[in-house]
Amino acid sequence: MSLATHAIEKPVHTWMLILFCLFGGLWAVVSIGKLEDPAFTIKQAVILTDYPGASAVEVEQQITELLETALQQLPQLKHLESRSTPGNSRITVEIKDRYRGAEVAQTWDELRRRVHDVQPRLPPGAKAPQVIDDFGDVFGIYYAVRADGFTTRERYELADFLRRELLTLPGVARVETAGVLEERIYVEIPRERLSALELSLSQLAALIQVESVVVQAGDVVLGDRRVRLRSQALLGSADAVEDLRIGIPGTTRELSVGDVATVIRSDNEIPAHLIRHNGQPAFTLAVSALADANIVEVGAVVEAYLDALRLRIPAGVDIQPIYQQHVVVAESIDSFMANLVLSVSIVIAVLCLAMGWRIGVAVGATLLLTVLGSVFFMKLFGMEMQRISLGALIIAMGMLVDNAIVVAESMLVAMQRGLRARQAAAEATTRTQMPLLGATVIGLMAFAGIGLSQDVTGEFLFSLAAVIAISLLLSWLLAVTVTPLFGHYLFGRLRGGDGDALYGGVAYQRYRAMLALALRHQWKTIAALVALTALAIAGFTAVKQDFLPPSDTPLFTINYFKPQGSDIRATERDVIAIEAALLRRPEVESVTSYVGQGGARFMLTYSPEAANAALGHLIVRLHPQHRARMDALMAEVQGEVRTALPDSEIYLRRLMFGPGDGAKIEARFSGSDPMQLRALAERAQALMQHSGAVVDLRHDWRQRELVLVPRWHEAHARTAGVTRADLAEATAFATVGIRSGSFYEDERQIPIILRPPQAERLEAARLDDRLIWSAAEGRYIPLAQVVDGFAVDHEEALIQRRDRVRTLTVQGEPAAGLTADAALRQVRAAVEGIARPHGYRLEWGGEYENSQRSRTSLGATLPGSFLVMLVITVLLFNAWRQALVVWLIVPMAICGVTAGLLLTGMPFSFTALLGLLSLSGMLMKNAIVLIDEIDNRRSGKAACGEAVMEASVSRIRPVVLTALTTVLGMLPLLWDAFFASMAVTIIGGLAFATVLTLVAVPVFYARIFGIRAATSQGDH
């Protein structure tokens, strides 16, 4: 008994399947997790190590090198990248692509152990390394909080209150605040009072420090109880610092700190991070949801709770969104669902118009159940509804509808020949179910390589392969069960007719004539097809190449850099001017500015900028109606800023789909000598600039920093009993101040800083006049006695390394109208022709490297997928010649693809590659069903030429309808930024694939089997 017969004779089972898909799908649509983009693991951890006072070279040699040597022994390691700056080492560890899930967490545990083992070998003064392995957490619910007129303490309390409150909400994993200024207790000692003191700076700092430390005070026995003695820190408030008594060693005299210094509580004079929103100071509130939470629901809860909190927070607090992932996801899902519904509606409408309402309803209902059932299985397998998984349903639409069309059309034809519905269903499914199953498996295997790809792009697109596999297999099951049942209900009233008259229409007659002509001139037809394919392959070289398209979110970022070594307040001044200019533009909705470092990772494809006082980073959101002006606006802003601030660097970027960040074009020079690396970079930049293909040129070592170096007088210093450490302490006190303890305000720790008044510390020319403690004389002496002035020098301040080798990266963006691939082609030969000293090498990074990794990883899995497809093709026919026909037409699919991409100007991106795979699957499926039909007619004793002709004619309607419904179903995706090039690939390819199926397959079959054209029967 066939599956169709069982479905009709036992309809209860079939209706259970129908209701399962219908109601299970509706439940899943409502409850399934929703994301903007699929989650992928950022397989990176960052190790931060502070080494105060060290130069970048000293940090590199004494910190970075030691840690990298230990880390390179990790078997999971893929790459090491480090950034050594004065006083700080930042190492980024990237592990191999094949590690996922729990393996990544285990790797970070092993990394921590190795870092811990190195810690005793770090130099004195180096802080303990900090390992950050939650680098990829996404804070998709992101707000700016403005509290105009509030003190720093009040801002801190507000930020802490909001953080604590939001952490209580269901689905919230982390809440972080940034941009709240830190406070300091400054103890300012004038020069004349310092000189009268008989205490060194170290002694004075130690006296203050000891009063702020909580220590164990012991316990006593009182009766049967043991009572703890509590030692309370003297510095319970800022005023207590001023009242602190200082004893002068060797005397009975005492002074209070207030007698010799002015105590001030104020903001940190050198902040590390400044944030502004819409022209006013602000701090940010970043919320991350649990991994298994529905971001739309979490976002709605957070938004409602913040609205409720407005009654509990002071007036004047303004909370404004920077990025609301839950809103973006909801809009994206709604848009995709609308596209999906539109695609299904188009398919059903076309079927009803072309084949009548009965077959339209039967096939359309099967398609709808397939889509709903696929969503249900996505829910069961823990998959989310996001851009890629929903796009997969639309990609698979052509293959989904084809199964039902073939079965319904075969059943309809059988009934028109006089068979009853049950007999027609049995005949239709018995003949087609195995070829359709084999073709379905071949179709899903075309995408299996994506799901098996080990790189991050493969992980990003895994749901595409998974959803296509689920939907295709389900479509086959429903096509051989549900479609026959619906046909039994709907086709039962159709009356039998003359089987020979079924294909007697004008279109069929014209097709017969064309195919007869092609079969009479088989070699000429094959030559024409081969020539056309060769022409398409040659033309494909003119198609623009791209990796992943930019996002259509109306938001872009600006990276602004002053010369390296700039003061953060100077950077802030320029950023304020830039944001003011932006806010004057009517297209701009909001501007969030960051100075000193970037923002939180508010979306997975956004990479925060590392800390740098010369950095200004702006997130600019446009009004949605001005989305089309984004590129033009970015060019205008860049030109204006470069004119107004010519000594600065400014680079603007749109958000991107998928993994990969940084510049689109990168040339990495590796070697040992920084000056040689800079020389190579200068030559590469000159060549790129001369070509005109690459703009926004820069490199990641930036400028060398200006430094002042004291000329140490060794003999005088020994006589005075002054050490180099004393000199460092004296200059630190004279400029930024030295830390002398802390006092605690609840859980908040506020440092106490000793320093001179502002008039004495902010002028470099007065450094010679500063005082230094002489241990030999027991008093302060002028710094000029041990230092012969200060020399001006320049030194490296940003030493970048890759895999333990110094690496300078030249970065740039393609000029307007060029893709990264086209721009790279124009400069690659010239840059690679630069003469490099022995031991220096050049590697290309950026989009080229990302694309190569993805395609190499995909290429490693595709051969296995194609081997399975080949084996299935051979097993389906139990012969080689039929399989050869199928595989001969696959390369010819490039013809329509090339034409479509060239006519529309769309690039061949990674998504277009997915479209090509989908196209290949549809083409092979049509070919398999047609060849199987030819074999069946030949086995039925029909003349060979007549079998080829009649089988081809019988497939016109399903092939054309499948192509037409797929093309029309793809139309909504032409306006989607991510899937547009894929849609063009499928639409253009299918137009030619229809010709391939209806002409090339019969001709190749006839040629390989030695079949001549039919005579009068075939020519009429």
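Residues numbered from 1 in each chain as written. Predicted model: local features only at pLDDT ≥ 70, side-chain atom pairs only at ≥ 80, totals over all residues. Heavy atoms only, no water.

As annotated in an unreviewed UniProt entry, the protein chain carries the name MFS transporter and comes from Pseudothauera lacus.

A. Just the overall build of the protein chain, in detail. Broken down by element type, the protein chain carries 35 helices and 31 strands. For the protein chain, the residues scored as buried account for 55% of the 1020 residues in total. Of the contacts formed within the protein chain by residues at least 6 apart in sequence, a portion of 80% connects residues at least 24 apart. In the form shown here, the protein chain has an accessible surface area of approximately 42,400 Å², with 56% of it arising from carbon and sulfur atoms. Each charge class in the protein chain was averaged separately, 95 positive and 104 negative side chains, and the resulting centres sit 8 Å apart. (Helix = DSSP H or I, 4+ residues; strand = E, 2+ residues; numbered from the N terminus. Buried < 20%, exposed > 50% of the residue type's maximum accessible area, 1.4 Å probe, protein only. Contact = heavy atoms within 4.5 Å. Areas by Shrake-Rupley, 256 points an atom, 1.4 Å probe, with all protein chains shown as cover. Lys, Arg positive; Asp, Glu negative; His and termini not counted. Charge placed at Lys NZ, Arg CZ, Asp CG, Glu CD.)

B. Just the nonpolar core, in detail. Core analysis: the biggest nonpolar cluster contains 181 residues, and L162, V302, L306, F447 and L464 have the highest contact counts within it. The leading source of residues in this core is helix 34 (residues 980–1008), at 17 residues. Taken together, domain 1 (1–31 + 356–491) and domain 4 (506–542 + 879–1019) each give at least three residues to this core, which thus spans both. When residues no more than four places from it in sequence are discounted, the contact partners of L464 are I388, A392, I395, F447, I450 and L914. Ranked by size, the runner-up nonpolar core spans 27 residues in total, among them I185, I189, I752 and L754. (Core = buried A, V, L, I, M, F, W, Y, C linked by side-chain atoms within 4.5 Å. Domains from an automatic or database assignment.)

C. Looking closely at the domain arrangement of the protein chain. Looking at the assigned domains, one finds that the protein chain contains domain 1 (1–31 + 356–491), domain 2 (43–135), domain 3 (200–259 + 705–796), domain 4 (506–542 + 879–1019) and domain 5 (552–655). Summarising the inter-unit geometry, the C-alpha centres of domain 2 and domain 3 are found 32 Å apart.

D. Highlighting the sheet that holds strand 7 (residues 183–188). Ordered in space as 12-7-25-24, the 4 strands form an open sheet in which the pairing is mixed. Only two strands of the sheet have a single neighbouring strand rather than two, namely strand 12 (262–267) and strand 24 (738–745). The sheet shows a mean angle of 25° between the axes of neighbouring strands, taken without regard to direction. For strand 7 and strand 12, the ladder comprises 6 bridges, and the chain directions are antiparallel. Within the sheet, the bridge partner assigned to R184 lies in strand 12 and is S266. Each of strand 7, strand 12, strand 24 and strand 25 (748–755) is contacted by helix 5 (residues 152–166), which is oriented at about 155° to strand 25, the strand it contacts most. (Pairing = 2+ DSSP bridges. Axes fitted to C-alpha atoms, helices over the stretch in contact; angles between N-to-C directions.)

E. Local environment of the pairing of strand 17 (residues 555–561). When you tally the buried positions in strand 17, you get 7 out of 7 residues, the bulk of the element. Sheet topology note: the strand 17/strand 19 (residues 615–622) ladder contains 7 bridges and is antiparallel. When the sheet's bridge partners are listed, F556 is paired in strand 19 with V620. As judged from the 6 bridges shared by strand 17 and strand 20 (residues 649–654), these two strands associate in the antiparallel manner. Following the sheet pairing, I558 is matched in strand 20 by L652.

F. Main features of the sheet that holds strand 14 (residues 280–281). Spatial ordering of the open sheet is given by 14-13-18-19-17-20, a layout of 6 strands whose pairing is antiparallel. The strands lining the two open edges of the sheet, one partner per strand, are strand 14 and strand 20. Here helix 22 (residues 630–644) sits on the sheet and contacts strand 17, strand 18 (588–595), strand 19 and strand 20; the angle it forms with strand 20, its principal contact strand, is near 170°.

G. Expanded view of the environment of P837. As for its position among the elements, P837 is in the loop between helix 27 (820–832) and strand 31 (841–844). Considering only alpha carbons, one finds P837 and G671, 166 residues apart in sequence, at a separation of 8.9 Å.

H. Seen up close, the environment of R193. With respect to the helices, strands and loops of the structure, R193 is situated in helix 6 (residues 191–196). Separated by 646 residues in sequence, R193 and G839 place their C-alpha atoms 58 Å apart. In this view, R193 contacts D259, V260 and A261; residues no more than four positions away in its chain are not counted.

I. Spatial organisation of the pairing of strand 1 (residues 44–50). When strand 1 meets strand 3 (residues 88–95), the two strands line up antiparallel, connected through 7 bridges. Bridging across to strand 3, D50 finds its partner in N88. Note: strand 1 against strand 4 (residues 130–132), 3 bridges, orientation antiparallel. Looking at the pairing, I47 lines up with V131 of strand 4.

J. Representation of helix 34. L996 marks the point of greatest bend in helix 34, at about 40°. For helix 34, the buried fraction is high: 25 of the 29 residues fall into the buried class. Just beyond helix 34, the residue with positive phi is G1010, at close to 70°. (Bend = angle between axes of the 7 residues up to and from the residue.)

K. How the structure looks around the packing of helix 2 (residues 11–31) against helix 12 (residues 357–380). Across the interface, helix 2 lies against helix 12 with an axial gap of 7 Å and an inter-helix angle of 60°. Classed by the angle they form, the pair helix 2 and helix 12 counts as oblique. Here helix 2 and helix 12 pass one another in a crossing that is left-handed. Between helix 2 and helix 12, the residues in contact are I18, F20, C21, L22, G24, G25, L26, W27, A28, V29 and S31 and L369, L372, G373, V375, F376, F377 and K379, respectively. (Parallel < 35°, antiparallel > 145°, perpendicular 65-115°, else oblique. Left-handed = near helix turned anticlockwise from the far one by under 90°.)

L. Looking closely at the packing of helix 29 (residues 880–889) against helix 31 (residues 910–939). Two numbers describe how helix 29 lies on helix 31: the axes approach to 10 Å, and their chain directions differ by 150°. Overall, the two elements helix 29 and helix 31 adopt an arrangement that is roughly antiparallel. Crossing geometry of helix 29 relative to helix 31 is assigned as right-handed. Side by side, helix 29 and helix 31 meet where Q882, V885, V886, W887 and I889 of the first sit next to L923, M924, A927, I928, I931 and D935 of the second.

M. Looking closely at a nonpolar patch on the surface. Taken together, W15, L19, F23, L26 and Y489 make up a surface patch of nonpolar side chains, about 510 Å² in accessible area. Looking at the nonpolar patch, the element that brings in the most residues is helix 2, giving 4 residues. Relative to the assigned elements, F23 resides in helix 2. (Patch = residues over 30% accessible without salt bridge, like charges linked within 9 Å, V, L, I, M, F, W, Y side chains within 5 Å. Salt bridge = Lys/Arg side-chain N within 4 Å of Asp/Glu carboxyl O.)

N. Structural detail: the pattern of salt bridges. Counted according to the given criterion, the structure contains 59 salt bridges. In this structure, R668 and E849 form a salt bridge, with 2.7 Å as the shortest nitrogen-oxygen distance. With R668 in strand 21 (residues 665–670) and E849 in helix 28 (residues 846–877), the pair connects residues that are 181 residues apart, well separated along the chain. Across this residue pair, the class does not change: R668 and E849 are buried. Between E849 and R802 there is a salt bridge; the shortest N-O distance is 3.7 Å. Residue E849 is found in helix 28, and its partner R802 is found in strand 29 (residues 799–802); the two are separated by 47 residues along the sequence.

O. Region of the structure containing unusual backbone geometry. Backbone geometry at D696 places phi at a positive 55°, although glycine is not the residue there. The residue D696 is located in strand 22 (residues 694–699) in this model. The phi angle at R702 is positive, at roughly 50°, despite the residue not being glycine. With respect to the helices and strands, the residue R702 is situated in the loop between strand 22 and strand 23 (705–712). Residue classification places R702 among the buried residues on the basis of a relative accessible area of 7%.

P. The confidence of the model for the protein chain, seen in detail. Scored by pLDDT, the protein chain has a mean of 86; 96% of the residues are at 70 or more. Taken element by element, the protein chain is modelled with least confidence in helix 35 (residues 1016–1019), mean pLDDT 41, and with most confidence in strand 29, mean pLDDT 96. Low pLDDT, under 50, characterises residues 1016–1020; the stretch is placed with 10 contacts to residues that sit more than four places away or in other chains. (pLDDT = per-residue confidence, 0-100.)

Q. Focus on the packing of aromatic side chains. In the structure shown here, the tally under the stated rule is 14 aromatic pairs. Pairing F376 with F377 gives two aromatic rings, centres 5.8 Å apart and planes at 70°, and the pair type is edge-to-face. On the basis of relative accessible area, F376 is assigned to the buried category, the value being 10%. Among the residues examined, F377 registers a relative accessible area of 24% and is labelled partly exposed. (Phe/Tyr/Trp six-rings, centres within 6.5 Å; stacked < 30°, edge-to-face > 60°.)

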